[in-house]
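An overview of the molecular structure
Here's the letter readout for the chains.
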Amino acid sequence: MLDPSSFIKESIDELKNTIKGKKAIIALSGGVDSSVASVLVSKAIGENLTAVFVDHGLLREGEADYVQNTFQNRLNLKYIDASEEFLGKLQGVEDPEEKRKIIGEVFIRVFEREAEKVGAEFLVQGTIAPDWIESQGDIKSHHNLALPHGMVLEIVEPIRELYKDEVRIIGTEMGLPPEMVNRQPYPGPGLAVRIAGEITPKKIEICRKANAVVEEEVQKEGLDKTLWQYFAVLTNTKVTGVKGDIRDYGYLVVLRMVESLDAMTADVPELPWGMVKTISSRITAEIPEVTHVSLSVSDKPPSTIELA
């Protein structure tokens, strides 16, 4: 059984002993893991931690303002709008793995520039247990990362032995607001993994609006307390529809809602049909470019949680 008070005290002592007054940097995404890791390390080393929030232009509606408002008085926070740099590199790219690779490479470049400005010697990561269990179980707690230009940072992972429910407990114990602690996981590449095919400003706008509708209706139904993730995916498929008395040709949007404890597995629960119908009606009515909405009912495995 996790004792949050003891965990926080022991972690702060260990972090102070590890970092020893040197500079550290963390990429703050606004997700639960990086948020809890940021606040925990900040309690240990204060202003010596710089939390960098990079806006890659693929954030959810209102996300940039929300993260800044939540953390500007809690952390030494630096906001970087790098959306033009990211979207410029993604122009014309359709392959999903290539998109992920580009986003990762651009993020490292942006992050390295900030790490050099700060003079950081440590990189804090919000790695949790499922991350390394699903990838390579032999990752060590402390290791080094060589960035492309030769900068070497020692990695610190203060919550790597915790699962998501435990991370939320620690966040609550440290006074993070409930809406932050309980928010659904959000992928690092952002809406890039919820847009099939080439990413364009118009498709980002469509996907962002569709996701906002899903979040609003799920929260109205009170299912945000039980669902692990709930979102919309903009496919690269166009289908015939009818808007008013006119035949139309627009995008297909897929709704994805799953329950899970740690993302290792996930199930699609029985959903209130009225809510699903409302989401579909709102998306097709409020987003002219969408003519059809469908619901994904595949569990993980064999499917992954994200679609694109």
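As a starting point, this report considers the structure included with it. Everything numeric in this text was worked out from a predicted model, so none of it was measured. (Residues numbered from 1 in each chain as written. Predicted model: local features only at pLDDT ≥ 70, side-chain atom pairs only at ≥ 80, totals over all residues. Heavy atoms only, no water.)

Examining the overall build of the chain
Put simply, the test is: Helix numbering and strand numbering both begin at the N terminus, where a helix is a DSSP run of H or I of at least 4 residues and a strand a DSSP run of E of at least 2. Restricting the calculation to C-alpha atoms gives the radius of gyration, and the globule rule supplies 2.2 Å times the number of residues raised to the power 0.38. The contact rule is simple, with two residues in contact once any of their heavy atoms fall within 4.5 Å. All accessibility values rest on the Shrake-Rupley procedure with a 1.4 Å probe; residue burial counts only the protein chains present in the view. In summary, the charge assignment counts Lys and Arg as positive and Asp and Glu as negative, without counting His or the chain termini. Every charge is mapped to an atom, namely NZ of Lys, CZ of Arg, CG of Asp or CD of Glu.
The helix and strand inventory of the chain stands at 10 helices and 9 strands. For a compact globule of 308 residues, the expected C-alpha radius of gyration is about 19 Å, and the chain comes in at 20 Å, within 12% of that figure. Taken along its principal axes, the extent of the C-alpha atoms in the chain is 70 × 45 × 35 Å. Within the chain, residue pairs in contact and separated by at least 24 positions form 73% of the contacts whose partners lie at least 6 positions apart. As displayed, the chain has an accessible area near 14,700 Å², and 49% of this comes from carbon and sulfur atoms. Across the chain, the mean location of the 35 positive side-chain charges is 3 Å away from that of the 49 negative side-chain charges.

A short note on the layout of surface pockets
Rules: Cavities and pockets are found on a 1 Å grid laid over the protein atoms alone: a cavity is a set of points where a 1.4 Å probe fits but cannot escape, a pocket is an open set with protein on both sides within 12 Å along at least five of seven lines, and a lining residue has an atom within 4 Å of such a point. Grid points are joined across faces, edges and corners, and a volume is the space filled by probe spheres set on the points. For this scheme, ten residues count as nonpolar: Ala, Val, Leu, Ile, Met, Phe, Trp, Tyr, Cys and Pro. Four count as charged, namely Asp, Glu, Lys and Arg, and the remainder, Gly too, count as polar.
In this model, the second largest pocket occupies a volume close to 660 Å³. It is helix α9 (residues 201-221) that contributes the most residues to the lining of the second largest pocket, 6 residues altogether. In terms of residue class, the lining of the second largest pocket is made up of 7 nonpolar, 7 polar and 11 charged.

A few points about the sheet that holds strand β9 (residues 290-295)
Let me state the cut-off plainly: At least two DSSP bridges between two strands are needed for those strands to be called paired. Whenever a helix is involved, its axis is fitted only over the stretch in contact; in every case the axis is a line through C-alpha atoms, and angles between N-to-C directions fall within 0 to 180 degrees.
Taken together, 3 strands build an open sheet; the order of strands is β7-β8-β9 and the sheet is mixed. Only two strands of the sheet have a single partner each, and these edge strands are β7 (229-243) and β9. Across this sheet, the average inter-strand angle for adjacent strands is 25 degrees, counted without regard to direction. Here strand β8 (residues 246-258) pairs with β9 via 5 bridges, running parallel. Within β9, the residue paired with L252 across the bridge is H292. Packing against the sheet, α9 makes contact with β7, β8 and β9, and its axis sits at approximately 120 degrees to β7. Against the sheet, helix α10 (residues 273-286) engages β7, β8 and β9, with an angle of about 160 degrees to β9.

In short, shape yes, function no, at least from these values alone.
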